[in-house]
Every structure is written in structure tokens, then in C-alpha cells.
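# Working through the structure, step by step
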Amino acid sequence: MSAVTTLQARIPYKPKIKVGRILLYIVFILVTLVFISPIIWVFLTSLKLQSEYSIYPVVIIPKPLQWINYKRALFDYPYFRYFWNSVKLAIPTTAITVLSSALAGFAFARLEAPFKRILFILVLSMLMVPRMVTAIPNFMLFAKLGLVDTYYPWYLWALSGSSFHIFLFRQFFSTIPKDLEDAAEVDGCNRFRIFWQIFLPLSGPVVATSAIFHFQWAWGDWFTPQIFLSELKTTLSVFLARSYPDPKGLPLETVTFAGVMIYLLPMLIIFFIAQKYIVQGVVTTGLKG
Amino acid sequence: MQDIAVMVRERSVRRTMTKRARREARDFYLLTLPWILGFVGLSLFPLVLGLATSFTNYNGLNLDTLKFVGIRNYTRAFETPDFWIGLKNTLWYAFVSVVLGNIAALILALMLNRELKGRAVFRMLYYLPAILPLAGAVRSFGLIFNKNSGIVNAILSMFVPGTAINWIVDYWVPVLVLFSLWGVGGGMVIYLAGLQGVPSELKEAAKIDGANNFQVFFNVVLPLLTPVIFFQVVLGLIGSLQILDAAILLYGRAGLSGNINMPQKLYFYMVYNYSQVFDYQRYGYGVAISWIFFIMVLIFTLILLFTSKYWVYYEVAQEERKAA
């Protein structure tokens, strides 16, 4: 804003601004507390004794802190098996989905071919199909093929990409000037090299956004592992949907919530590292439609 | 203008289809082949298979006694009280969460779309819940509303000692709406992107013409945001109508086998659908009700699409008018 407009706009309001600012910050901080209170509460609960879990008055900050709950969550129960299952499911699924969606998005953005428009409308219309409509027959199909209780269904879905991510990449790749690939083509690059060496490196924020969204889905999804995977192959999200039993079979909530905290951790770490890229990715892809 | 250019190009491609164009088309189909195969094998074929199954009494094992039952699965749905309970809960959940979710996202975006120290930190913290993995997010949110160990009752007890409201059962739909609002940061980021796309000259011009902040918002900013709002409402509605995992995990008694033992009055459409298929192996009936749902979603989307011309502002139309 130029100096002149600043003067015009601000002077009459000057006395109000200070109070307004402080009020605004109070509102911001209150909203922040509301937003992060569930996570803090899970954390505090995970440090309680089970006998402190549901007594009245409610224990806010337990004394002493039961850090041992974390050790018990990890080692007294088969946590690592389910953690590893989640990793085997989520990471390849995310990597493959992002790559195949980027390739398809590149094709839709940069190449001309007969029936392209119809295909793109089909890509978008898949966003409207409720997952139950395809999940039930997919389950019947994979059961026939003997692929239930393996992670191959996820890898196959990933190979075909996802409408949402194809759309993201297509929006982003459409904004890149044509000269860039023309020059590369003159230099004799083939299409795949143009994608790999020019377009993909340019799309860092979009790759980050797309990967984070898909990892979040794969890591947090309960429905698909619940119907496709058995007790031993299932993921952390299914494992932690029930509470750990203590030796008498009663739910051991505090230790369970220590497990939930560890389950949230990878996503929290990724988020704090990459949150700048996500916001940037959302802006640059014109997710706004 | 652009459309004409595209049309001209497409026509010339069709007429000549030079070697180069053919190669381009080949590359296009090579690159989209995985999607096409997946679409045919994992979407289109299952859709047809499902539709066919919905007219039979298939229960997972009875291939040799499979019977064609016509539209009986469909008519049965409308005669089943649980179906209507699920539908009613779902419609009111989806409507309230989409409306409140978009209003809240827009308000937060407006609050954060100004020069302010620490803006990035607040933006990050408000966005954080939206990227939590669903299963963990539901467990965490359920805990604060827990009757005996939740912070909500603990805080209320400071004012009314001994408050022990059973939120999750007694305020089932409102708690789930609040859960969806907890993830409002996703919409907020998209609205922030939208707000940054509003040209500041337009706002300043309106101010010079004597508009106050509210007038600027309602007459300049909001109309320019309507395409974003439209996009958010359509995708938000499709998503929230399908509420399933959050409800099952919030109720929190998915038994060892995963069977749902939730009281019927708490059913959502997809919860009912899930339990019919995966608890009772009623595949034929289950696919039929998922198709009823699909048709419902299509109708809602089409209604939004057809009414969009009355409230969604398209910049393209403006440009065309200018060109003419």
C-alpha cells in the first residue's frame, strides 16, 4: 500500500486499532486453544494411570507422569507389527499414486489426442461416485482373485492414480509455458524425459501436497483395511480403533491413547516439515477450481 | 476466443493427423493407460457387476442358488425403518456440516487474510487438525467428549459441578458436526487462496466509491469467491453424505470382528449400508442401497449444478461480454 492511501485509510481509525488488534489476538488464541485441545487432551490422558482415567473430579495434569504408558503401548502389545503393516500399505500406495497421477495429469495438460475431453470428464465424474458403490463389487472381485488379505488391491488402485490428484497435477501443469517443452523437444528429448526432467522438478509443492493428502488418507483410513485385511495383516488404524485389553480383558485406555499419540506422530512430523509446501501447493494448483 | 482456437486446432488435427500429432496421441494414451485400465477394471467393471448383483439375492456364497429378484432389493430398502433413520441422520448431518463448515472456513480465512504478526503460525495451527489421519483424529475428538474422562464435561463441571453429559450418545449428530468443523482448516486454506486471487484494485476502487468493509465484502469479494464456494460445497456434500468411519470409530465399539453394535437410532446411511453387507453378508441388498445413494448424490450434484448459474459468478462470462 502506498504512503498516501495508508494515511487516508488509517488516520481516522488509529485510536481503535490497538484495542482491535488485542481483541483480535485474544480471539485467535481462543480459537487456537479450541483447535489443539483434543491433541493436548490425548497427550495428557496418555500420561495418566488407568485409575486416574475416569475419576471425578477429572485429573487434568497427572502426577507423576506415566511415561511408561508409551513403553507399554509399544512393547506389551504387537504395536510394531501393525505399524509396519501401515507402512507397507501407505508408503508404496502414496508413491505410486502420486507418480501415476502426475503422469496422467501431465498427459491431460500438455498433450492433444482424440477423445481427451471425454476421458477428462470421466476422470472428474469419478469424484462423484460414492466409495461404497465400487468398494462392495471390488471386494467381491478381489476375493475371487485371491487378493483379499494382501496389499495388492491398494497397489492396483494406486497404479491407476486418483481423480483428485490427476486434477491437481493437470491444473498445475497447464500453467507452465509451452516454450519450455518445445525447446526440449527440439533438443530431441522424448516425452517421458520432458516429464521427468522438466515438469516433475518444477512441481515440488504439488508433489508434496498430493503426497501428503494421499498419505494422510492411507494412514488414517479405517474402512478399507477393515474389510480387506485380516487380524494379522491389518493396519494401525484398525488396531487402534479398539482399546487395548488389560489382562482381565478390560479396556486399558491410557495406554491405548499413548498408542494413538504415536500413531499421530508421523503425520504431525510431516506436517510441520511440509506445511509451507501444502499451503503453496493448494494455492498454485488453483484447487480453488 | 480460446475455445475457437482449440476448435480450430482440433479440426486441423482431425483432418491431417500429421506424424507428429499421431505420436502425441500415442504418448497421451501411453501415459494415461494405467488410469484407463484402472478405470475399466476397478471402476467401470465393478459398477456394472455391482448393478447386476443388486438385482439378485447374492450373499457371498450362494452362486449356485443365485436368483434374479428384480427390483425387490430396491423396494425393500424403502420399507425398512433403519434405512430411513440412516437417511434422516445423514441428510441433517451433511446439510449442517457443509453450511457451517463453509461459513466457518470463510470467516477464519477472512480473519487471517490481513497483515498480522504471527499469521503464519495461526494458519498452521488451524490447519493442523485437517491433516490428522482420520482414525486418530476421531479417537482424539471422541476423548474430549467422553462422559467420564473428557475435558468438555470437566470444564462444564467447574460451573455446574458433577456434569456428566453422555455427549456421544445424546448429542450424536451435533458432536459429529463439531468433529467435521474441527477439520475446517482444509476449507480455510482453500478460501485463503481464493481471497488472495481477489484483485486489490477492485476492493480499493469500491472503497474509493464510498463502500464500507461490509459492502466491499458482500458486493466485491463474495461474488468473486462463489466459484470456490461452489467447488467446496459440491465436494463437501459428496464427502459428508458418505460419513462412515468417523461414526463407527466415534461410537467406538467396533468389536473384534468389526461388527457394528451401534443402536439403530444412531445409524447413518453408510453405516447401515456397511453393516448390511459386511455384518450380514447381504451383498445384493447392500449394493442396491449403495446405488440408491449414488443416484441421490447425482441428483444433489445436478441440482447444485443447475442452480449454480443463479449464484455462481463466472469471470469467463464477463470477459466474453467485454470482448463482444
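Note that this is a predicted model, so its numbers are computed, not measured. (Residues numbered from 1 in each chain as written. Chains lettered and ligands numbered in written order. Predicted model: local features only at pLDDT ≥ 70, side-chain atom pairs only at ≥ 80, totals over all residues.)

For the rest of this paragraph, the subject is the overall build of chain A. Broken down by element type, chain A carries 15 helices and 0 strands. Taken over the C-alpha trace, chain A has a radius of gyration of 25 Å; the compact-globule value for 289 residues is 19 Å, which it surpasses by more than 25%. On the principal axes, the C-alpha backbone points of chain A span a range of 75 × 70 × 35 Å. By residue count, 42% of the 289 residues in chain A fall in the buried class. In chain A, the share of contacts with a sequence separation of at least 24, taken over all contacts with a separation of at least 6, comes to 75%. (Helix = DSSP H or I, 4+ residues; strand = E, 2+ residues; numbered from the N terminus. Rg over C-alpha atoms; globule rule 2.2 N^0.38 Å. Buried ≥ 20, exposed ≤ 12 C-beta atoms within 10 Å, placed from the backbone. Contact = placed C-beta atoms within 7 Å.)

A few words now on the overall build of chain B. Looking only at helices and strands, chain B has 16 helices and 0 strands in total. A globule of 324 residues ought to have a C-alpha radius of gyration of about 20 Å, yet chain B, at 25 Å, is considerably larger. Considering only C-alpha atoms, chain B reaches an extent of 70 × 65 × 35 Å along its principal axes. In chain B, the share of contacts with a sequence separation of at least 24, taken over all contacts with a separation of at least 6, comes to 69%.

Judged by nonpolar contacts, the single largest core of 135 residues is most densely connected at F106(A), L176(B), M188(B), L244(B), A247(B), F268(B) and V271(B). Among the elements that line this core, the one with the most residues is helix α5 (residues 79-110) of chain A, at 12 residues. Other than its neighbours up to four places away in sequence, V271(B) contacts G86(B), L244(B), A247(B), I248(B), I260(B) and M262(B). (Core = buried A, V, L, I, M, F, W, Y, C linked by C-beta atoms within 7 Å.)

Further remarks concern the domain arrangement of chain B. By domain assignment, chain B separates into domain 1 (19-46) and domain 2 (80-323). In this structure, domain 1 of chain B and domain 2 of chain B have C-alpha centres spaced 34 Å apart. (Domains from an automatic or database assignment.)

Time to look at the domain arrangement of chain A. Residue and element names in this part refer to chain A. Along its sequence, chain A is organised into domain 1 (3-70) and domain 2 (75-284). On a C-alpha basis, the centroid separation for the pair domain 1 and domain 2 is 32 Å. Take the side of domain 1 that touches domain 2: its biggest share by element is 3 residues, from helix α2 (residues 14-45). In terms of residue class, the side of domain 1 that touches domain 2 is made up of 5 nonpolar, 5 polar and 1 charged. (Nonpolar A, V, L, I, M, F, W, Y, C, P; charged D, E, K, R; others polar.)

Here we come to the confidence of the model for chain A. Confidence in the prediction of chain A, expressed as mean pLDDT, is 88, and 92% of residues score 70 or more. This model gives residues 1-8 of chain A a pLDDT under 50, and the stretch forms 1 contact once residues within four places in sequence are excluded. (pLDDT = per-residue confidence, 0-100.)

The next subject is the interface of chain A and chain B. The interface of chain A with chain B comprises 73 residues on the first partner and 74 residues on the second. Per-element accounting of the side of chain A that touches chain B gives the leading share, 11 residues, to α2(A). Counted by class, the side of chain A that touches chain B contains 51 nonpolar, 15 polar and 7 charged residues.

It is worth spelling out unusual backbone geometry at this point. Each neighbour pair has its own omega, and for K63(A) with P64(A) the value is -10°, a cis peptide bond. Structurally, P64(A) is set in the loop between α3 (50-53) and α4 (68-75). At Q281(B), a residue that is not glycine, the phi angle is positive and equals roughly 55°. Its place among the elements puts Q281(B) in the loop between α14 (269-279) and α15 (283-311). By the C-beta count within 10 Å, which is 15 here, Q281(B) ends up partly exposed.

Burial analysis of helix α10 (residues 178-186) of chain A places just 0 of its 9 residues in the buried class, which makes it a mostly uncovered element. Phi for G188(A), located one or two positions after α10(A), is positive at around 90°.

Caution applies to low-pLDDT regions: their predicted coordinates should not be interpreted in detail. All names here are of chain B. This prediction gives chain B a mean pLDDT of 88; 90% of its residues lie at or above 70. Mean pLDDT values for the elements of chain B range from 51 in helix α16 (residues 315-323) up to 97 in helix α9 (residues 172-182). Confidence estimates for the predicted assembly give a pTM of 0.89 and an ipTM of 0.88.

Residues and elements named next belong to chain A. Following both chains from N to C, one finds α5 and helix α12 (residues 204-220) inclined at 145°, their axes separated by 9 Å at the closest point. Seen along the crossing, α5 lies across α12 with a hand that is right-handed. Two secondary-structure elements touch here, α5 through S86, L89, A90, T93, T94, T97, V98 and S101 and α12 through V207, S210, A211, H214, F215, A218 and W219. Broken down by class, the residue content of the contact of α5 with α12 amounts to 8 nonpolar, 7 polar and no charged. (Axes fitted to C-alpha atoms, helices over the stretch in contact; angles between N-to-C directions. Left-handed = near helix turned anticlockwise from the far one by under 90°.)

Let's shift gears to the environment of T75(B). The topology assignment puts T75(B) in helix α3 (residues 72-79). Between the alpha carbons of T75(B) and V99(B) there is a distance of 32 Å; along the sequence they are 24 residues apart.

If you trace the backbone, L128(B) turns up in the loop between α5 (119-127) and α6 (134-144). Counting along the chain gives 112 residues from L128(B) to S240(B), while the straight-line C-alpha distance between them is 20 Å. Apart from the residues within four sequence positions on either side, L128(B) is in contact with F35(A), I36(A), F271(A) and G185(B).

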